[in-house]
Amino acid sequence: MARITRCGYVILMPGQAAKTVKVRAFGENMVDIAAIHGINMHRSQRSAMQQSWHTAIVDGLANIRSRHTGTLSLECAFYGHEYNDGKAGGEPEYAAIDIAPGLEEELLIAIGDGLEQDEGGDNEGTKLYLPGMVQRALAAIQRSDLFDGRDSRAIAFVKQVNRYLTDPDFRKLVHTEVSAVMEQSPRVVIAHSLGSVIAYEWLRENEPENPPALITLGSPLGLEPVRRRLLQRPGPLGWPGQARSWTNIAARHDAVAMVKKLAPLYSPDVRDLPCDNPRRSAHSALVYLANVRTSRAIEVALA
């Protein structure tokens, strides 16, 4: 386990390769919030995320008359471009045949189950060349506003999650980016979607000298396929390292966060809060960030 110390060095704990890494000294260039995005950011840029997330958070804080609106600082852990592997061009148009067996199928099925529960229905899919449960999942996605009802976007989602959880080189790139942000001693980590999995794992494996509060939005940490992969990592699932608090916010119609309560799965100290994002934008990071539940959680964490 890596430990970020007050003297400004990262010391790798027993069981890791011995090396010392220079980081910013304690108290230097501290930020209020570290932000970790989720999927579908591979055609975005760090500057765009910085502006849009900061604006959404400040707008939400202004609604509750927070004293932090004029001074809030934010640093983004941006890794979306790493999914492109240096390739330019438009969006890949995935089809059902591109779904890999294993984790990708399992994630689609879990999301489809969440959508069917939200609908209160049980309609059969029409794509008869796919395994039955995947047929139903894709049919549920098509009927919903999640991923704009498009198979291609849903498949892109599961592929990005799959790559992070199963590709150790890619995971290392992402964690290196998060470490660079965490050197600035943020008081709060806000993580959306796949970003919540990344934040959870980083906090389990590292010990920042100033432990942050963790706020997860639209988190898939409750999905059984995700939990099974996390259980393959060293150590049991539980509290995320030295985090001083954990607030989890899940929208009623967000099927990615179909498991709304993480406390029974990770720790009774998790504060699970429901929210009501519009159905069409239930999983949107910017909608979550401006939600009053998120704003109040940030206000408490910054106090």
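You'll find the structure just up there.
Remember, predicted model here, so these are calculated numbers, not experimental data. (Residues numbered from 1 in each chain as written. Predicted model: local features only at pLDDT ≥ 70, side-chain atom pairs only at ≥ 80, totals over all residues. Heavy atoms only, no water.)

1. Observations regarding the sheet that holds strand 5 (residues 74-77)
Read from one edge to the other, the open sheet built from six strands follows the order 5-4-6-8-9-10, with strand pairing classed as parallel. On the outer flanks of this sheet lie strand 5 and strand 10 (271-275), each paired with one strand and no other. Strand-to-strand twist across the sheet, computed as the mean angle between neighbouring axes with direction ignored, equals 20°. With four bridges joining them, strand 4 (residues 33-36) and strand 6 (residues 188-192) adopt parallel strand pairing. (Pairing = 2+ DSSP bridges. Helix = DSSP H or I, 4+ residues; strand = E, 2+ residues; numbered from the N terminus. Axes fitted to C-alpha atoms, helices over the stretch in contact; angles between N-to-C directions.)

2. A short note on the nonpolar core
Judged by nonpolar contacts, the single largest core of 56 residues is most densely connected at Ile-36, Tyr-164, Leu-194 and Leu-230. Residues within four places of Ile-36 in sequence aside, it is in contact with Met-49, Trp-53, Ala-77, Tyr-79, Val-178, Val-189, Ile-190, Ala-191, His-192, Gly-195, Ile-198 and Ala-199. Ala-56, Leu-74, Phe-78 and Cys-275 belong to the second-largest nonpolar core, a separate cluster that totals 30 residues. (Core = buried A, V, L, I, M, F, W, Y, C linked by side-chain atoms within 4.5 Å. Buried < 20%, exposed > 50% of the residue type's maximum accessible area, 1.4 Å probe, protein only. Contact = heavy atoms within 4.5 Å.)

3. Quick notes on the packing of helix 5 (residues 168-182) against helix 6 (residues 194-205)
Between helix 5 and helix 6, whose axes approach to 11 Å, the crossing angle comes to 75°. Between helix 5 and helix 6, the crossing angle belongs to the class labelled roughly perpendicular. Contacts between helix 5 and helix 6 involve Arg-171, Val-174, His-175, Val-178, Ser-179 and Met-182 from the former and Ile-198, Glu-201, Trp-202 and Glu-205 from the latter. Split into classes, the residues belonging to the contact of helix 5 with helix 6 amount to five nonpolar, two polar and three charged. (Parallel < 35°, antiparallel > 145°, perpendicular 65-115°, else oblique. Nonpolar A, V, L, I, M, F, W, Y, C, P; charged D, E, K, R; others polar.)

4. Quick look at the pairing of strand 6
Of all five residues in strand 6, five are buried; the element is thus mostly enclosed. Neither face of strand 6 is open: one carries Val-188, Ile-190 and His-192, the other Val-189 and Ala-191, and all of them are buried. Of the pairings in the sheet, the one linking strand 6 to strand 8 (residues 213-217) comprises five bridges and is parallel in character. Residue Val-189 lies in a different strand from strand 8, and its bridge partner there is Leu-214.

5. As for the environment of Ala-250
By the element assignment, Ala-250 lies in strand 9 (residues 245-251). Under the relative-accessibility criterion, Ala-250 is labelled buried at 3%. Along the chain, Ala-250 and Lys-261 lie 11 residues apart, while their C-alpha atoms are 8.1 Å from each other. Ignoring any residue separated from it by four or fewer positions in sequence, one finds Ala-250 in contact with Ala-257, Lys-260, Leu-273, Pro-274, Cys-275 and Tyr-288.

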